[in-house]
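Geometric and topological summary
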Amino acid sequence: MKRKVGLTLLALLLSLSMFGCSSDGSSSSGKGKNSGLRMLMPYSRFDPNKDFMASYIQEKTGVQVNYEMLPAENFDEKLNLLVANKEPIDMMKLSSGQFYQLASSGALEPLDELINEHGDYIKSAIKDSTWGSATIDGKIYAIPEAGSGASAGEALVVRQDWMDELGLEAPKNAEELYTVLKTIKEKKQIVPLTGAKDSIYGDIASAFGIVNDWEDQNGKLVHKAEHPRMKEFLTYMNRLYEEGLIDQEMPINTAAKAIEKFTSGKAAMYKLAWWNSTNTVNSLKQNFPDAKLSVIPYLQDADGKASVGINTGITWFIAIPKASKHKEEAMKLLNAKLAPDVFKGLAIGDEGVHHELKDGKYYPILPKFNEDLTNGSSYMTGTDEHKYPEYWQARVRKEPILQSYFEAFQKEAEGHLVIDPMSLAPPIDAVNKNKLKLMKLLDDNVLKFITGAEPVANYDQVLEQWYAEGGKDMVKQANDWYTNR
């Protein structure tokens, strides 16, 4: 009996310490637990109750919300403890893994009736195809928060001044890329192409038809691990590595190290993410004021087709726990935040204060936009999927270099975007359990094949291991969903 009492007291103390509660029952924000609705957010490095967006939401909706964050470490354990203690949180912003675990354990309220009764703006804002990601056994357990839409994030860039010096044109396919890299190595005596260990697929793999993690082949989902051209891709990459045409340190490079090599003139080509473009270009110009960069068009496959793989999956799920004492009020707030005018304000603030419209495009007014809206995405509880991609682009127009590379990548990708067919799948047990483990298994072995540590002929053995350690179940359950979606 004493042991049970001790454990109960320990759980209570942990629960209180998690949210910084004082002995009088108030939270670390200074607001009492009963001063409005309670929302649990992922950890971030700001005070959510003192941020501009907290007061903005209260002003626009008339609802006071007490925001609480999970800790930076052991957040899943803290979340599980909170749920076990039936803390009366009214809304939770959950990762996909957290959502699946809590929904499967019965901790979340089914939202179908609440959405039908109080969610008119929610139903208008979220596309029908998106709801499946938050649906388990035919019931909706969260509002899925979609991102900024389909867009290309990375592309190969090259020192155009060196290309001009050597009389080279941008490669269109894998063989032309090989020729360009070989010429650069012979003539410039530098690393032709650098990259980090997490850039082993991307643009080059797409030239072999390996575009996303999953692909629809004749109505059946095929994972890239079992792609029929995987060995062909690995043979090509091993050829580049053996001939010194790609960075020999790629398997250990961090992204920062690869950028340093590129901007210091030790490499001619690099797969750049547009969000890193400003720092990369400025560093290069500081070292080489006359350097010129160009974006290489996305490589074509054997059929002359270029493809850019993207995943438009749902990152966040907004759920109402069964322990909430204010379920209807919570749903009404979530709905109010997706009213067209309110959501626009959450996304880009007020016109003339935070943003302006020029040539049909939204531009931020600096520094006010950054001062007030930097943490805006943390307060999102679903997005207007029809308008958010347009609003969101205001954020890439903060700086000319950032804007130019984002727009250049989109121009090159136009007509070539291929969305991963699993992007909007609901939580699938075998996928959730095995995805990260199998990704590491595949990537670790792919690097071995590229560097020659293992012969490509052994790939079939790795694939058998991949199947045995959960890949077979993952592919089966993914296809069960895909066939019956």
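For the structure, check the block above.
Residues numbered from 1 in each chain as written. Predicted model: local features only at pLDDT ≥ 70, side-chain atom pairs only at ≥ 80, totals over all residues. Heavy atoms only, no water.

Overview of the packing of helix 11 (residues 255-263) against helix 12 (residues 277-287)
- Running from N to C, helix 11 and helix 12 cross one another at 35 degrees; their axes reach a closest spacing of 9 Å. Judged by the sense of rotation from one axis to the other, the crossing of helix 11 with helix 12 is right-handed. Facing Ile259, Phe262 and Thr263 of helix 11, the residues of helix 12 in contact are Thr280, Ser283, Leu284 and Asn287.
- For the contact of helix 11 with helix 12, the residue count by class is three nonpolar, four polar and no charged. (Axes fitted to C-alpha atoms, helices over the stretch in contact; angles between N-to-C directions. Helix = DSSP H or I, 4+ residues; strand = E, 2+ residues; numbered from the N terminus. Left-handed = near helix turned anticlockwise from the far one by under 90°. Contact = heavy atoms within 4.5 Å. Nonpolar A, V, L, I, M, F, W, Y, C, P; charged D, E, K, R; others polar.)

Describing the pattern of salt bridges
- In this structure the tally under the stated criterion is 21 salt bridges.
- Lys271 is paired through a salt bridge with Glu154; the nearest N and O atoms lie 3.7 Å apart. Remark: Glu154 occurs in strand 7 (residues 154-159) and Lys271 occurs in strand 11 (residues 267-273); sequence separation between them is 117 residues.
- We classify Lys271 as buried; its relative accessible area is 12%.
- The closest approach of N and O atoms between Arg159 and Asp161, which form a salt bridge, is 2.8 Å. (Salt bridge = Lys/Arg side-chain N within 4 Å of Asp/Glu carboxyl O. Buried < 20%, exposed > 50% of the residue type's maximum accessible area, 1.4 Å probe, protein only.)

Thoughts on the sheet that holds strand 11
- Strand order in the open sheet formed by four strands is 8-11-7-12, and the pairing between neighbours is mixed. Of all strands in the sheet, those with a lone pairing partner are strand 8 (191-194) and strand 12 (293-295), marking the two edges. Averaged over all pairs of adjacent strands, the angle between their axes in this sheet comes to 25 degrees, without regard to strand direction.
- Helix 12 rests against strand 7, strand 11 and strand 12 of the sheet, and its axis sits at about 160 degrees to strand 11. (Pairing = 2+ DSSP bridges.)

Thoughts on the packing of aromatic side chains
- Enumeration according to the criterion identifies 19 aromatic pairs in this entry.
- Ring centres of Trp274 and Trp275 lie 5.3 Å apart, and the angle between their planes is 80 degrees; on these two criteria the pair is classed as edge-to-face.
- Arranged with centres 6.2 Å apart and planes meeting at 85 degrees, the rings of Tyr405 and Phe409 form a pair that is edge-to-face. With a gap of four residues between them, Tyr405 and Phe409 both fall in helix 17 (residues 400-413), about one helical turn apart. (Phe/Tyr/Trp six-rings, centres within 6.5 Å; stacked < 30°, edge-to-face > 60°.)

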